[in-house]
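# Remarks on the overall topology
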Amino acid sequence: MSSRSRPDSIRETVAGVQSGQLSPIELTRDALARAEADAPLNCYLHVGTEAAMQSAEAIADKAKAGNPLGPLAGVAIAIKDALCTIDAPTTAASRILTRDGNYTSGWRPAYDATVVQRLRDADAVLIGKTNMDEFAMGSSNENSAFGNVRNPWDPSRIPGGSSGGSAACVASGSVAASLGSDTGGSIRQPASHCGVVGVKPSYGRVSRYGLIAFASSLDQVGPLANDVRGAARLLEVIAGPDQHDSTCAQRAVGKYESACDIVPKGLRVGVPEEYFAEGLDPRVQQAVTGVIDALREQGCEIVNVKLPHTQYGISTYYLIATAEASSNLSRFDGVRFGMRHEQSGDLLATYENSRGAGFGTEVKRRIMLGTYALSSGYYDAYYRKAQQVRTLIRRDFDQAFERADVLLTPVSPTVAFSLGERVQDPLQMYLADVYTLPASLAGICGMSVPAALSAPDGPTPALPIGVQLLAPAFREEVLFTAGAAWERVSPVRGSVAPPR
Ligand code: GLN
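Residues numbered from 1 in each chain as written. Predicted model: local features only at pLDDT ≥ 70, side-chain atom pairs only at ≥ 80, totals over all residues. Heavy atoms only, no water.

On to the overall build of the protein. Per the secondary structure count, the protein includes 16 helices and 11 strands. When burial is assessed residue by residue, the protein has 61% of its 500 residues classed as buried. Put simply, 77% of the contacts in the protein that link residues at least 6 apart link residues at least 24 apart. When the accessible surface of the protein is summed, it comes to about 18,800 Å², and 51% of that surface belongs to carbon and sulfur atoms. Side-chain charges in the protein split into 47 positive and 52 negative, and the spacing between the mean points of these groups amounts to 2 Å. (Helix = DSSP H or I, 4+ residues; strand = E, 2+ residues; numbered from the N terminus. Buried < 20%, exposed > 50% of the residue type's maximum accessible area, 1.4 Å probe, protein only. Contact = heavy atoms within 4.5 Å. Areas by Shrake-Rupley, 256 points an atom, 1.4 Å probe, with all protein chains shown as cover. Lys, Arg positive; Asp, Glu negative; His and termini not counted. Charge placed at Lys NZ, Arg CZ, Asp CG, Glu CD.)

Now the structure itself:
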């Protein structure tokens, strides 16, 4: 299918299915055809045609029998491959979770992640698994064992990462929404580079049961969608307490969708000066300023705030995240979990050969960094110190939120960069996470909303630029109010990636 029109908004689709005007079977066929046409982007690792058609038929039967349909009735949704799905492989884009290195021999979980189960219960149609950086480690989707993903706006560029596949498939229009996971920016940053909405919920808002762990004190599952309201509806479905995850908060879920209709008059919007530092692309700066002006016009009060420990975010994150990763990934040893190398020999050789062949370069780098940071001689100097700085970063936000209801910042210092540009320079790659990491360390919630398109420049086409909204933990409603207020007046609302 060559059409690059986006599917309708989630609200329209569901209303159409519930009233009988839209057929879930036809919607699903259309989404599957679009997903097949996305092959050159490599955003899907798996398209589950049969399973999707079965769900669509079950929903159609339910409708025919006059039974009430769920809040996502007939909506095609793609799932990041870090989430367990009973009817599709689940590999976190790593060879170690396959039998022979090919995706088709990927691990088949015996259960669905809680968020996946909740989508099914809401009558969504899951159409496939999306590509990602291996174990969610990366910012460009170039660390996947199954090839990189291309940005639908410019296929020579990265889609962002690690949820690059989940952002690209919404931007290309094959689905209206997807699930991603965000440890230090992996939903917000690809959403920004692909021109879609992405929400990182507060830590503990959404169950992590069935999410393959990267860094357990930071990981959160969240929605990507083609509009703010769609993301709100998805979050309402997936959020809330889960008996399978004791780190998931026992708090009632907010009314995120109705928060989209609240007029933001009097809302205090904080602008942290540290987020507008050297290295910020002027096009990004201009896009963010445009959103600030628009919110001011709608009656928001713009205040300057300070987040003085921002400069320590990158080092703190890359110590804590790698430390937790080294521990989480120790289970993939070819004995308990993960592929076993044929040359196993004794136990040590089994570990070495299996992990050596199963993990990619970036994952190995992180395991080594994390193991070093946790080693007995260095624990105090690195890991403990990083935890102390994490507390200072959290306090920065507490103080800023005394003066502001929501913070507004860039998502990424630049537009999407070219494939291959930063592969040889991991530090350069890590530096690009400067605006997303602190919120993850503080456990607060954040959203990326399309702010503008850059002007085409010679061979470079127009590229999306996102703006980041941040709110205190468990105040997701504020994100939706501010995000929807901007979206209503945004000139890029509903922009679609042009045909390839
Ligand atoms: N880019 C960051 C990293 O590489 C964040 C990744 C994520 O949020 N999963 O660790």
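With that settled, consider the packing of helix α4 (residues 114-121) against helix α7 (residues 228-238). The angle between the axes and the distance between the axes are what describe a pair of packed helices. Viewed as axis vectors pointing N to C, α4 and α7 meet at an angle of 110°, and their least axial separation amounts to 8 Å. Relative to α7, the element α4 is oriented roughly perpendicular. For α4 against α7, the interelement crossing comes out right-handed. Contact with α4, carried on its side by V115, R118 and L119, involves L234, V237 and I238 of α7 and no other residues of that element. (Axes fitted to C-alpha atoms, helices over the stretch in contact; angles between N-to-C directions. Parallel < 35°, antiparallel > 145°, perpendicular 65-115°, else oblique. Left-handed = near helix turned anticlockwise from the far one by under 90°.)

Strand order in the open sheet made by the 11 strands is β1-β3-β2-β4-β6-β5-β10-β11-β9-β7-β8, with mixed pairing throughout. Where the open sheet ends on each side, the last strands, each with one partner, are β1 (44-47) and β8 (301-305). Averaged over neighbouring strand pairs, the angle between their axes works out to 30° when direction is ignored. Here strand β4 (residues 177-182) pairs with strand β6 (residues 220-225) via 6 bridges, running antiparallel. Directly across from S178, in β6, lies its bridge partner L224. (Pairing = 2+ DSSP bridges.)

Now for the site of the ligand. The environment of the ligand is formed by 15 residues, the closest being A136, G184, S186, Y317 and R366. Between an oxygen atom of the ligand and a side-chain N or O atom of Y317, the distance comes to 2.7 Å. Contacts to the ligand include Y318, whose side-chain N or O atom sits 3.3 Å from an oxygen atom. Taking 290 Å² as the accessible area of the ligand by itself, protein coverage stands at 99%. In terms of residue class, the shell around the ligand is made up of 5 nonpolar, 7 polar and 3 charged. (Near = heavy atom within 4 Å. Polar contact = N/O pair within 3.5 Å; in protein donor to acceptor, adjacent residues only side chain to side chain. Nonpolar A, V, L, I, M, F, W, Y, C, P; charged D, E, K, R; others polar.)

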